[in-house]
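These are the residues of each chain, in order.
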Amino acid sequence: MKKTAHYSIGRPLQKWGETEKQAWLRVQKTKRSYEKDVLVNIEQLRADFDIQQYEELTYDSKTYPLMMLATKDPSDNKPTVLITGGVHGYETSGVHGAIHFLKTHGKEYQTYFQFLVAPCVSPWSYETINRWNPDTIDPNRSFYPDSPAAECSSLMQAVFSKTQSVLAHFDLHETTDSDEDEFRPARAARDGEVFEKQEIPDGFYLVADTSNYNPAFQKAMIDAVQKITHIAPSDAQGNIIDVPIEQPGVILYDKQKYKLCAGFCQPTYSTTTEVYPDSPNINDEICIKAQVTAVKAGLDFILAT
Ligand SMILES: [Zn+2]
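Chains are numbered independently. Their residues run from 1 in the order of the written sequence. Per-residue local features of the predicted model are confined to residues with pLDDT of at least 70, and side-chain atom pairs are confined, for both listing and counting, to 80 or more; whole-chain, interface and lining totals are unaffected and use all residues.

**Student:** Please explain the overall build of the protein chain as it appears in this structure.
**Tutor:** In terms of regular secondary structure, the protein chain is built from eight helices and 10 strands. Along the longest, intermediate and shortest principal axes, the C-alpha atoms of the protein chain span 55 × 50 × 35 Å. A total of 305 residues make up the protein chain; the buried ones form 44% of that total. Numbering of helices and strands runs from the N terminus; a helix is a DSSP stretch of H or I covering at least four residues, while a strand is a stretch of E covering at least two. The burial label depends on the number of other C-beta atoms within 10 Å of a residue's C-beta. Counts of 20 or more mean buried, 12 or fewer mean exposed, and intermediate counts mean partly exposed, with C-beta atoms placed from the backbone.

**Student:** Honestly, the sheet that holds strand β4 (residues 114-118) in this entry has me stumped. Any pointers?
**Tutor:** Hydrogen bonding along the main chain pairs the strands of a sheet, whether they run parallel or antiparallel. The 10 strands are arranged β1-β2-β4-β3-β5-β10-β6-β9-β8-β7 in an open sheet whose pairing can be described as mixed. The two strands at the open ends of the sheet, each matched to only one other strand, are β1 (49-59) and β7 (239-240). Two strands are counted as paired when DSSP detects at least two bridges linking them. With two bridges joining them, strand β2 (residues 62-71) and β4 adopt antiparallel strand pairing. By the bridge assignment for β4, L69 is matched with V117.

**Student:** Help me understand the pairing of β4 in this model?
**Tutor:** A regular strand carries its side chains on alternate faces of the sheet. Buried residues dominate β4, accounting for five of its five residues. The side-chain alternation of β4 yields two buried faces, one formed by Q114, L116 and A118 and the other by F115 and V117. In terms of strand pairing, strand β3 (residues 80-85) meets β4 through five bridges, oriented parallel. Across the sheet, the residue bridging to L82 is L116, located in β4. With strands facing away from the observer, any crossover in which the path from the first strand over the helix to the second runs clockwise is taken as right-handed. Once you follow β3 into helix α3 (residues 92-109) and on to β4, the crossover reads as right-handed.

**Student:** Just checking my understanding: could you explain unusual backbone geometry for this structure?
**Tutor:** For residues other than glycine, phi is negative in most cases, and the peptide bonds are mostly trans. Backbone geometry places D73, a non-glycine residue, at a positive phi of 50°. Within the element layout of this structure, D73 appears in the loop between β2 and β3. Phi at Q266 takes a positive value of approximately 45°, unusual for a residue other than glycine. Mapped onto the fold, Q266 is located in the loop between β9 (250-253) and β10 (269-275). Overall, the presence of 15 C-beta atoms within 10 Å leaves Q266 in the partly exposed class.

**Student:** Help me out: how do you make sense of the nonpolar core in this one?
**Tutor:** Across soluble globular proteins, nonpolar side chains have a tendency to be buried as a group. Note on terminology: a nonpolar core is a set of buried residues of type Ala, Val, Leu, Ile, Met, Phe, Trp, Tyr or Cys, with members joined through C-beta atoms within 7 Å. Judged by nonpolar contacts, the single largest core of 68 residues is most densely connected at I83 and V117. Here this core takes eight residues from helix α8 (residues 284-304), the largest share from any one element. Contact definition: two residues whose C-beta atoms, as placed from backbone geometry, lie within 7 Å. In this structure, I83 is in contact with A98, F101, F115, V117, F170, L172 and V295, ignoring residues within four places of it in sequence. Counting five residues, the second-largest nonpolar core is a separate cluster that includes W16, A186, A189 and F195.

**Student:** Can you walk me through the packing of helix α7 (residues 215-225) against α8 in this structure?
**Tutor:** When two helices pack together, you describe them by how their axes are tilted relative to each other and by the distance separating the axes. What counts as an axis is a line fitted to C-alpha atoms, over the stretch in contact for a helix, and the angles between N-to-C directions run from 0 to 180 degrees. At a minimum axis separation of 8 Å, α7 and α8 run at an interaxial angle of 140°. For the element pair α7 / α8, the angle class is oblique. Handedness of the α7/α8 crossing: right-handed. Between α7 and α8, the contacting residues are F217, A220, M221, A224 and V225 on the first element and A290, T293, A294, A297, G298 and F301 on the second. Polarity classes work like this: nonpolar for Ala, Val, Leu, Ile, Met, Phe, Trp, Tyr, Cys and Pro, charged for Asp, Glu, Lys and Arg, and polar for all others, with Gly in that last group. Class assignment of the residues belonging to the contact of α7 with α8 gives a composition of nine nonpolar, two polar and no charged. Orientation is classified from the angle alone, with under 35 degrees giving roughly parallel, over 145 giving roughly antiparallel, 65 to 115 giving roughly perpendicular, and any other angle giving oblique. Crossings are assigned a handedness: left-handed for a near helix turned anticlockwise from the far helix by less than a right angle, right-handed for a clockwise turn.

**Student:** For this particular structure, what's the right way to read the pairing of strand β6 (residues 205-209)?
**Tutor:** Burial within β6 is extensive, with five of its five residues counted as buried. Residues of β6 alternate between two faces, with Y205, V207 and D209 on one and L206 and A208 on the opposite face, all of them buried. Bridging between β6 and β10 involves three bridges; their strand directions are antiparallel. Bridging from a neighbouring strand, L206 pairs with T273 of β10. Pairing of β6 with β9, which is carried by four bridges, proceeds in the parallel orientation. Counterpart to D209 in the pairing with β9 is Y253.

**Student:** When you look at the packing of α3 against α8 in this model, what are you seeing that I'm missing?
**Tutor:** Two numbers describe how α3 lies on α8: the axes approach to 8 Å, and their chain directions differ by 45°. On the basis of their axis angle, the class for α3 and α8 is oblique. Crossing hand, α3 versus α8: right-handed. For the pair α3 and α8, the contacting residues are S93, G94, H96, G97, H100, F101, T104, H105 and Y109 in the first and C287, I288, Q291, V292, V295, K296 and L299 in the second. Partitioned by chemical class, the residues of the contact of α3 with α8 number seven nonpolar, eight polar and one charged.

Here it is as structure tokens:
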């Protein structure tokens with residue numbers, strides 16, 4: 001493995017303390033607007049969905065309302081589908097894919113399902129284009145009781161206040177070149193470890209859960225998305241992000257062990273989508289379309305079985 005120069009904060013092989021975490025936070029800047037990009041778009045769905053604020057986070061005296069869209073008049077007869085985006089706030093198409101799915105298909109699928117949709121779980125990270133929250137915590141490793149990440153604890157509480165039974169959970173993510181350039185080096189520095197480079201997969205892939213792996217469900221989504229964008233090939237070792245593939249474009253994680261968002265409510269069906277936005281063959285619109293297509297194909301599979 002190729003080793004690279006040390007991250008700009010902290011000392012090599014020494015875990016960060018509060019001083020280094022504060023130094024990291026000081027250099028983070030707001031780069032886009034949660035209100036203009038996200039809240040305005042959520043508001044446009046008010047005719048068809050209940051829009052609920054489930055928490056408000058305050059960071060550095062700025063407040064971020066956390067929003068969930070829910071099916072109006074929920075029925076016990078319809079199974080619940082949870083869609084989450086922006087657990088990693090920098091992964092743009094996850095946020096806009098969740099909103100766009102509701103705009104384009106939400107109404108029709110409410111015939112069969114009731115939805116809970118949290119399009120932007122980590123709004124501070126959306127605005128500052130970050131993976132961590134301001135406390136240098138990765139929300140997608142922090143979905144467990146008494147989580148130190150308010151983004152996670154408030155979402156879990158919001159979902160469990162509505163239902164204990166989620167049929168399907170789609171957690172919409174991206175894998176980006178900045179994972180290698182910034183976020184993984186920062187993590188290694190924070191944890192006092194040597195950064196070892198990893199290959200960024202060129203294309204879309206899915207992370208399924210070992211606890212509910214349904215190969216045909218995952219395949220249905222891959223088959224649909226490959227009409228929109230290319231699927232990530234495995235590397236020379238047969239891996240995607242150092243994990244052996246189970247089938248083309250699909251790897252498995254133990255999502256409860258790693259405290260991932262898509263594992264917290266133990267659904268019957270779940271997947272984590274990973275769009276690759278940095279390919280020369282893709283643009284913002286295709287990234288969003290890939291997210292929407294994955295959700296739609298997953299729901300169609302469930303309806304057909
Ligand atoms: Zn992610």
